Protein chains: 2
Amino acid sequence: MKSAGKSNPEKRNATSEDVAQLAGVSQATVSRVFAGGANVSEKKRKKILDAAAELEYKPNAQARSLITRKTMMVGIIMRNIKDPFYSAVLEIFHTRLAPLGYQLIFNNSENEIIEEWEIAKLLEFNVEGIIVTDALLSEGATRKLKRSGIVSILFNRHAEGLNCSAVYCDNYLAAQQIATYLVEMGHRTFAFISGPRNTSTTVDRLKGFQEVLRERNIKELTIIPGTYTYESGFKSAQELLTRNKKIDCIFCGSDIIALGVMDAARLVGFRIPEDVSVVGFDNIRMLGWTPYPLTTWEQPLEEMVTSTVELLLKEINDKNAAPRIIAMKGRLVIRNTVRKKK
Amino acid sequence: MKSAGKSNPEKRNATSEDVAQLAGVSQATVSRVFAGGANVSEKKRKKILDAAAELEYKPNAQARSLITRKTMMVGIIMRNIKDPFYSAVLEIFHTRLAPLGYQLIFNNSENEIIEEWEIAKLLEFNVEGIIVTDALLSEGATRKLKRSGIVSILFNRHAEGLNCSAVYCDNYLAAQQIATYLVEMGHRTFAFISGPRNTSTTVDRLKGFQEVLRERNIKELTIIPGTYTYESGFKSAQELLTRNKKIDCIFCGSDIIALGVMDAARLVGFRIPEDVSVVGFDNIRMLGWTPYPLTTWEQPLEEMVTSTVELLLKEINDKNAAPRIIAMKGRLVIRNTVRKKK
DNA sequence: CCGAATTTTGAATACGTATTCAAAATAGAT
DNA sequence: ATCTATTTTGAATACGTATTCAAAATTCGG
């Protein structure tokens, strides 16, 4: 005896052909109702919709995309999804793309540079675009994408020669403003606990920060590159503070790094901000939590995602559009980890 | 003048037909090479692979799925992606599914119960299965999925009548063991700051916890339902501790809740664990951070995801398989937020 | 070297839709 | 009622692949 119940596992989903038959029209007309909604008489439209409802018909996305050459799918490749900043990014991307009918194919990567093999599957699935967060695309990957007519956009990174659009927070400007603020608060000796060296993020921030220091003729800047993790921040701060006690202020490459820095500092006996000031970057939600009233730079998250999606759509609709690089501003959020020094 | 550069936007991707022509064979043979790898002579295979490489040919997933009736796509609907526990879950799902050739379509939802309209798009795209984390499927949605032959699996939830597979941590057992541990540590008055009431998660834990208390003839248990957020935990603890100072221990529905609880408690002047003990649930990575040395229940994350994927594949390959509900154990992780009371 | 068994191959077809083109139906003007 | 302009319709086709079926090529045993 077969398994009971009404569900018949052999039954195929209803097709537009089935609907057409039930409604007494041609398949073409059914298609018109579900595609453009082009000219079709009210009478038949109603019949078709009724038939479709009865059969629980829904258009087949694969068949449709075969003919329209639009898959309505976008790939997203993320590093660091465990960082709350990027969890939020993902959520917002979905919130923006879903109403437009786009599906989001999620991919994880550990790599600083996304290579061809990592996008191969997305190519087979003919995504219309690829969003890459916190990482770069290799030259090979970029070339392949371009040749396949697939739009790609870097989120929170940019690269000069790469011929690839990007949306990011203007780290140069941000670092300048942060540095200015810190100097005006009376700080003179600095450390920068950053993310990986040679990424645009780190380079730009360093440049902006150093520029201000140079103008003010301040020389004390220790640079410690690492990764964007709590552990990295913790370790770096521990080393820094035990070997050199004369740091006024630590500028961190991300909030998560800053949390590690704060915990390490406190563990070594430093009070924040009395003994050492700390500044973060991102303004993640956690900073509302009491142990971490971190002064930080807020990235305009929502706007960055909005711009990215706009750019994406624009390039999808005009494959000849030249790549654009959009820098967004952000703002300093002052909480309680920077002291006023006399 | 048109935009310069070699990329020709009108160029279509190479098809198996193109490859066939270049290699001097039939389209069918090309297909055989890329599909099953079925019988095809070494000589021709080589020719075909060379031609394919030259044309940068890759099979078209949509066309393929049309004929094979396998889309190699799985949908995942997540609540609470901002909770680090679930960020980790997502990452692991991708890590498990990618090597199997499955693409993961990410969806976000705020809802406790996923309704039909939220899965409609996934149905159009013919995903082979849907994973739902931390939420339930409505009856309508479940019925629709079943009728469309789409597998669905609840992750970290379960429901009796729903005829839907589930993988979750055995909350009943966990709560029992936690309660036993707490009682043996000398605690007598308890609060349970939980997630939403009426979810299996909360119900099971409450049942297990209460059972132990009943056995030991302990009556003091205050129950405060909320959501799985820091803010909810913070607020609940604040209320609880200002109105009733005689709580030995607070059992929290998730680690994130517990972090809010701890911060609130400290703010009100309670030391942890000297004045009040706190226990969490999940064992998120953040617990390695110094301010939060939380004793908690570790969910066997990796194993849970592994089981979910196994179940998924099994049901995809045998649509008649009866739904299974798998409860996994986990273990108590003792850190430093529960005191030994005399 | 021959016949049988086996492997390899290509022509044809199906998957489910959108679109083109010409025919049919309708509306509109007189 | 007649003729024209417009709207609505269906037959046919294309999208790019996997698979079936029968024919062609190869291998094998003696």
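Residues numbered from 1 in each chain as written. Chains lettered and ligands numbered in written order. Predicted model: local features only at pLDDT ≥ 70, side-chain atom pairs only at ≥ 80, totals over all residues. Heavy atoms only, no water.

Caption draft 1: How the structure looks around the sheet that holds strand 10 (residues 249–252) of chain A. All names here are of chain A. Ordered by their spatial adjacency, four strands build an open sheet running 9-8-10-11, and the pairing between neighbours is parallel. Strand pairing shows two members of the sheet lacking a second neighbour, strand 9 (221–225) and strand 11 (277–279), which therefore form its edges. Averaged over all neighbouring strand pairs, the angle between strand axes comes to 15°, with direction disregarded. Both strand 8 (residues 190–194) and strand 10 contribute to a ladder of four bridges, which runs parallel. In the sheet register, Ala191 faces strand 10, and the bridge partner there is Ile250. (Pairing = 2+ DSSP bridges. Helix = DSSP H or I, 4+ residues; strand = E, 2+ residues; numbered from the N terminus. Axes fitted to C-alpha atoms, helices over the stretch in contact; angles between N-to-C directions.)

Caption draft 2: Quick look at the relation of the copies chain B and chain A. Note on the copies: chain B fits chain A at an RMSD of 0.0 Å, the axial shift is 0.0 Å, and the rotation between them is 180°. Here the copies are linked by what is in effect a two-fold axis. Both copies share a contact surface, since 100% of the interface residues of chain B are interface residues in chain A too. (Least-squares fit on C-alpha atoms with pLDDT ≥ 70 in both. Contact = heavy atoms within 4.5 Å.)

Caption draft 3: Just the sheet that holds strand 10 (residues 249–252) of chain B, in detail. All names here are of chain B. With respect to topology, four strands assemble into an open sheet ordered 9-8-10-11, the strand pairing being parallel. In this open sheet, the two strands that pair with only one neighbour each are strand 9 (221–225) and strand 11 (277–279). Neighbour-to-neighbour, the strand axes of the sheet open up by a mean angle of 15°, direction not taken into account. Of the strands in this sheet, strand 8 (190–194), strand 10 and strand 11 touch helix 8 (residues 171–184), which is tilted by about 165° from strand 10.

Caption draft 4: The confidence of the model for chain A, seen in detail. Confidence in the prediction of chain A, expressed as mean pLDDT, is 93, and 96% of residues score 70 or more. Here residues 1–9 of chain A is a poorly scored stretch, pLDDT under 50, and it has four contacts once near neighbours within four places are set aside; other chains count. (pLDDT = per-residue confidence, 0-100.)

Caption draft 5: Focus on the interface of chain B and chain A. Counting from both sides, the interface comprises 58 residues of chain B and, opposite them, 58 residues of chain A. Both sides together, the interface formed by chain B and chain A hides about 5800 Å², and carbon and sulfur atoms give 56% of it. A per-residue breakdown of the area chain B buries against chain A is headed by Gln62, Lys82 and Trp289 of chain B, which together make up 12% of the total. Among the salt bridges present, the one from Glu91 of chain B reaches Lys82 of chain A, with a minimum N-O distance of 3.6 Å. Our count for the chain B to chain A interface comes out at 19 residue pairs in polar contact (both at pLDDT 80 or more). Going through the elements one at a time, helix 4 (61–68), helix 5 (84–97), strand 2 (103–108), helix 6 (116–124), helix 7 (139–148), helix 10 (230–243) and helix 11 (255–268) of chain B are the ones with two or more residues in the side of chain B that touches chain A. With six residues, strand 2 of chain B is the largest single contributor of residues to the side of chain B that touches chain A. Classifying every residue of the side of chain B that touches chain A by side-chain character gives 25 nonpolar, 16 polar and 17 charged. (Buried area = accessible area lost by both parts, 1.4 Å probe. Salt bridge = Lys/Arg side-chain N within 4 Å of Asp/Glu carboxyl O. Polar contact = N/O pair within 3.5 Å; in protein donor to acceptor, adjacent residues only side chain to side chain. Nonpolar A, V, L, I, M, F, W, Y, C, P; charged D, E, K, R; others polar.)

Caption draft 6: Structural view of the domain arrangement of chain A. Residues and elements named next belong to chain A. Along its sequence, chain A is organised into domain 1 (16–59), domain 2 (70–169 + 301–330) and domain 3 (171–299). Between the C-alpha centres of domain 2 and domain 3 the distance comes to 29 Å. Across the contact, 15 residues belong to domain 2 and 16 residues belong to domain 3. Roughly 1300 Å² of surface becomes buried between domain 2 and domain 3 when both sides are summed, with 53% attributable to carbon and sulfur atoms. Joining domain 2 to domain 3, the criterion identifies seven residue pairs in polar contact (both at pLDDT 80 or more). Those elements giving two or more residues to the side of domain 2 that touches domain 3 turn out to be helix 5 (84–97), strand 7 (165–169) and helix 12 (301–317). Residues of the side of domain 2 that touches domain 3, tallied by class, amount to six nonpolar, four polar and five charged. (Domains from an automatic or database assignment.)

Caption draft 7: Representation of the pairing of strand 10 of chain B. All names here are of chain B. Burial of strand 10 is two-sided: the residues Cys249 and Phe251 facing one way and the residues Ile250 and Cys252 facing the other way are all buried. Pairing between strand 10 and strand 11: three bridges, direction parallel. From the neighbouring strand, Ile250 faces strand 11, where its bridge partner is Val278. Read as a crossover between parallel neighbours, the route from strand 10 over helix 11 to strand 11 is right-handed. (Buried < 20%, exposed > 50% of the residue type's maximum accessible area, 1.4 Å probe, protein only. Right-handed = clockwise from strand over helix to strand, strands pointing away.)

Caption draft 8: Structural context of the pattern of salt bridges. Taken as a whole and assessed by the stated rule, the structure comprises 38 salt bridges over all chains. Between Arg271 of chain A and Asp275 of chain A there is a salt bridge whose closest N-O contact spans 3.2 Å. With relative accessibility at 28%, the residue Asp275 of chain A sits in the partly exposed group. Here the residues in one salt-bridge network are Glu56 of chain A together with Glu116, Lys144 and Arg147 of chain B, joined through shared partners.

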